[in-house]
Amino acid sequence: MYKEVSKLPEAGGLSTAPVAPGRCRQSCGLTPGSPPPSCWVEWPARSGAAGGHANIVTWLGPSPCPAAVSQHGTCHTMDPVPEMKRNRFPSMNFEAEILTAPHDNSELYVIPSMRSLTAEEYVEAFKSFLDHSTEHQCMDEFNKKELPNIMAGLGNGKSTINVLGVGSGTGEQDLKMIRILQAAHPGVLIDNEIVEPNPQHVAAYKELVNQAPDLENVSFSWHQLTSSEYEQQVKEKGAHKKFDFIHMIQMLYRVEDIPSTIKFFHSCLDHHGKLLIIILSDSSGWASLWKKYRHCLPSTDSGHYITSNGITDILKRLGIEYRIYEFLSGWDITECFIDGDPVGGCMMDFLTGTKNFLGTAPPSLRQQLQEALCQPECSSKKDGRIIFSNNLSMIVVDS
């Protein structure tokens, strides 16, 4: 098991003298092709991540010492050590062999690999997030206050209103909006198409529809595709179906090309149609957290940490008119600060997009992130609980 450092390996003549590019520290005095029998590298903390604490990795030949190819590491020569178990582990910039058992009374500080959540792990973390947040209640408030007026202007007197949900997940929010559309246009047929790549979500959505008795005059068709796959399919067919209402709820973080995606789906709108984009607000704690710490974390599937200002900037460049509505939402993250709490661990995984963040992140990064979560720009306190700001922006785009 990896152990955090209690004391550094003892070695004589440790040097922290500057090194020229392409050479190891002067204690090694060797070129990249000729590392010492054993050395340990003091790797400075990534900017903004470790608050002055260095990362220590033991580096063994025959591969070049990583400090030998960077100006940033400090290499300290150690006396040759007896043969012992070695494991290989990936880091952000290089692959190193590390000691997993100390050769004397010392312990080596090693950073286990940090990685992004898989799709399945994300689904589980998201469920925990919904259980402790008011995200869906926030959307319900928008549905109640603003959506009926938006829906009333759709269709332009047509007998069928075409709806497209992009990244609809399990469909709970979709059906709420369909019911509002039904109320605004009684007796009108609604043709509802869904683009959703996750087969488990598609199955759950279908089951939800089967259990709903009040969806008369509504047809459903599913495309088990990503938004980009759907776009490609539409373009290959050469048929460009037009929709009266398209919604993209909390899904733009994972598309490959956000401007292109928005431009394509906007082109799918019929006359008087509306595109609804729901995205995290710049007033949310996420915006503050991502600005400071996203470079320390594994990237999302497509590496997009985007909030409402990023979307409105794209719309302005495209010359597309829009209106924006801001709604408050909170997430109770109190358990994040309780050592060993499994719910808190799951919350930190969702916050960072990282599997087992508390078990794999450097201690200094864990500490800094937890301190940041308590700052006013991220969270507030209510009745002794810590409530993370999860504010949402609802952006309504005209055709």
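For the structure, see preceding data.
Now for a look at the structure at hand. Being a predicted model, the structure only gives us computed values, none of them experimental.

## Section: the pairing of strand 8 (residues 218-223)
Both strand 7 (residues 189-195) and strand 8 contribute to a ladder of six bridges, which runs parallel. Residue Val195 lies in a different strand from strand 8, and its bridge partner there is His223. As a crossover connection, the stretch from strand 7 through helix 5 (residues 199-210) into strand 8 is right-handed.

## Quick word on the packing of helix 2 (residues 135-145) against helix 4 (residues 172-184)
Helix 4 packs onto helix 2 with a crossing angle of 15 degrees between their chain directions and a minimal axis gap of 11 Å. Considering the angle they form, helix 2 stands roughly parallel to helix 4. Crossing of helix 2 over helix 4 shows right-handed handedness. Contact with helix 2, carried on its side by His136, Met139, Asp140 and Asn143, involves Gln173, Lys176, Met177 and Ile180 of helix 4 and no other residues of that element. Each residue belonging to the contact of helix 2 with helix 4 can be placed in one class, and the counts come to three nonpolar, three polar and two charged.

## Some thoughts on the pattern of salt bridges
Per the stated rule, a full pass over the model turns up 15 salt bridges. Salt-bridge contacts for Arg179 lead to Asp214; the nearest nitrogen and oxygen are separated by 2.7 Å. Of the two residues, Arg179 sits in helix 4 while Asp214 sits in the loop between helix 5 and strand 8, which places them 35 residues apart along the sequence. On the basis of relative accessible area, Arg179 is assigned to the partly exposed category, the value being 31%. By relative accessible area, Asp214 is classed as partly exposed at 29%. A salt bridge links Lys241 to Glu193; the nearest nitrogen and oxygen atoms lie 2.6 Å apart.

## A few points about the nonpolar core
Counting 89 residues, the largest nonpolar core has Leu252, Ile277, Ile311 and Met394 as its most contacted members. Among the elements that take part in this core, strand 10 (residues 269-280) stands out by supplying seven residues, more than any other. Once you skip the residues sitting within four places of it in the chain, Met394 turns out to touch Cys138, Met139, Phe142, Leu276, Ile277, Ile278, Arg323, Ile324, Tyr325 and Phe327.

Procedures and definitions
Residues numbered from 1 in each chain as written. Predicted model: local features only at pLDDT ≥ 70, side-chain atom pairs only at ≥ 80, totals over all residues. Heavy atoms only, no water. Pairing = 2+ DSSP bridges. Helix = DSSP H or I, 4+ residues; strand = E, 2+ residues; numbered from the N terminus. Right-handed = clockwise from strand over helix to strand, strands pointing away. Axes fitted to C-alpha atoms, helices over the stretch in contact; angles between N-to-C directions. Parallel < 35°, antiparallel > 145°, perpendicular 65-115°, else oblique. Left-handed = near helix turned anticlockwise from the far one by under 90°. Contact = heavy atoms within 4.5 Å. Nonpolar A, V, L, I, M, F, W, Y, C, P; charged D, E, K, R; others polar. Salt bridge = Lys/Arg side-chain N within 4 Å of Asp/Glu carboxyl O. Buried < 20%, exposed > 50% of the residue type's maximum accessible area, 1.4 Å probe, protein only. Core = buried A, V, L, I, M, F, W, Y, C linked by side-chain atoms within 4.5 Å.

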